[in-house]
Amino acid sequence: MIELFPHGFEEHDDAHGVELAAYTDASGEERLWHAFGAVQAQDVEDGWEDRWRRFHRPARIGRLWVGPPWEEPDADAIAVVIDPGRAFGTGGHPTTILCLQHLLELESASLLDVGCGSGVIAIAAAKLGFAPVVAVDHDPVAVETSRRNAEANGVEIDALLVDAAHAELPRADVAVLNVALDPVVAIGPTLDAGYLITSGYLEMHEPALAGYRHQARKTVGGWAADLFARAE
């Protein structure tokens, strides 16, 4: 879908799986048929060009307000304004919220964000006083989006194009690994951090990471995020 519609598409979860929807014309519908074999099409009302924005809603996490630039931040919050760029979120996903909840309970220190996406966690950390902040991702679009969002928020992060599965990453007092279960299990034990926040998996999953002790867990809507401490 990203290749077919690089400027964006909608994603909806339901009981039967995930529905992907694109706003296009007859030629785009034909491309969908070739790619997926079966599609459903219906006419849409005027204003469809901006409808995708409804998917990106702001979230309030303690002192933090995280949302897109077309929404107004809460006056009493630390605003983290995130332009989703191409196929990234603005911080409203449960796993991001859970990671930020853990982060708010830690002392500000150096931070490593592995799989940074649009830079939500790295930028929020910088706004909370964490420094230095290093954000890595294997996707060049993610790295560029993170850099652009950091500049728009007036914070400094070091966003790097790195394949975390095959590279030695810098040490940090706090590392965040909000990706998926398999890379959490594979990459987590290789990180050198005092504290490690992991997410991107469901509540039924309970990863055990060599070299780390489990400290705390937060859950919402069936998703989970865990806090680990480096074992002595």
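Because the structure is predicted, anything quoted here is derived from the model rather than measured.

Chemist: Just to check I follow, could you spell out the nonpolar core for this structure?
Modeler: Looking at soluble globular proteins, one finds that nonpolar side chains tend to be buried together. In terms of nonpolar packing, the biggest core is built from 33 residues, with Leu100, Leu103, Phe130 and Ile157 touching the most fellow members. Within the residue set of this core, elements represented by two or more residues are strand E3 (59-61), strand E4 (64-67), helix H2 (94-104), helix H3 (120-127), strand E7 (133-137), helix H4 (140-153) and strand E9 (172-178). Counting residues per element, this core draws most heavily on H3, at 7 residues. Those residues in contact with phenylalanine 130, other than ones at most four positions away along the chain, are Leu103, Leu106, Glu107, Ser108, Ala109, Leu111, Ala125 and Val174. Among the nonpolar cores identified, the runner-up in size contains 20 residues, and Val114, Val162, Ala172 and Ile187 belong to it.

Chemist: Is there a simple way to think about the packing of H2 against H3 in this case?
Modeler: Angle between the axes and distance between the axes: these two values describe a pair of packed helices. H3 packs onto H2 with a crossing angle of 25° between their chain directions and a minimal axis gap of 11 Å. The angle between H2 and H3 falls in the class roughly parallel. Relative to H3, H2 is oriented so that their crossing is right-handed. When H2 is examined against H3, the residues Thr96, Cys99, Leu100 and Leu103 are found in contact with a partner set consisting of Val120, Ile121, Ala124 and Ala125.

Chemist: Please clarify how a negative patch on the surface should be interpreted in this entry.
Modeler: A cluster of acidic side chains, namely Glu11, Asp13, Asp14 and Glu19, defines a negative patch on the protein surface. Its place among the elements puts glutamate 19 in strand E2 (residues 17-21). Relative accessible area serves as the criterion here: at 42%, glutamate 19 is assigned to the partly exposed category.

Chemist: Even after reading the chapter, I still don't get the sheet that holds strand E10 (residues 193-202), so can you show me in this structure?
Modeler: Pairing between sheet strands relies on hydrogen bonds along the backbone, with the strands arranged either parallel or antiparallel. Across the sheet, 7 strands lie side by side as E8-E7-E6-E9-E10-E12-E11; this open sheet has mixed pairing. Pairing within the sheet leaves two strands with one partner each, and these edge strands are strand E8 (158-161) and strand E11 (212-220). Here the strands of the sheet are splayed against their neighbours by 15° on average, with no regard to which way each runs. Bridge count for E7 against E8 is 4 bridges, and the pairing is parallel. Paired with valine 136 across the bridge in E8 is leucine 160. The strands touched by H2 are strand E6 (111-114), E9, E10, E11 and strand E12 (223-230); relative to E12, the strand with the most contacts, the crossing angle is about 35°. The sheet strands contacting H4 are E7 and E8, and the helix crosses E8 at an angle near 170°.

Each value, and the rule that gives it
Residues numbered from 1 in each chain as written. Predicted model: local features only at pLDDT ≥ 70, side-chain atom pairs only at ≥ 80, totals over all residues. Heavy atoms only, no water. Core = buried A, V, L, I, M, F, W, Y, C linked by side-chain atoms within 4.5 Å. Buried < 20%, exposed > 50% of the residue type's maximum accessible area, 1.4 Å probe, protein only. Helix = DSSP H or I, 4+ residues; strand = E, 2+ residues; numbered from the N terminus. Contact = heavy atoms within 4.5 Å. Axes fitted to C-alpha atoms, helices over the stretch in contact; angles between N-to-C directions. Parallel < 35°, antiparallel > 145°, perpendicular 65-115°, else oblique. Left-handed = near helix turned anticlockwise from the far one by under 90°. Patch = residues over 30% accessible without salt bridge, like charges linked within 9 Å, V, L, I, M, F, W, Y side chains within 5 Å. Areas by Shrake-Rupley, 256 points an atom, 1.4 Å probe, with all protein chains shown as cover. Salt bridge = Lys/Arg side-chain N within 4 Å of Asp/Glu carboxyl O. Lys, Arg positive; Asp, Glu negative; His and termini not counted. Charge placed at Lys NZ, Arg CZ, Asp CG, Glu CD. Pairing = 2+ DSSP bridges.

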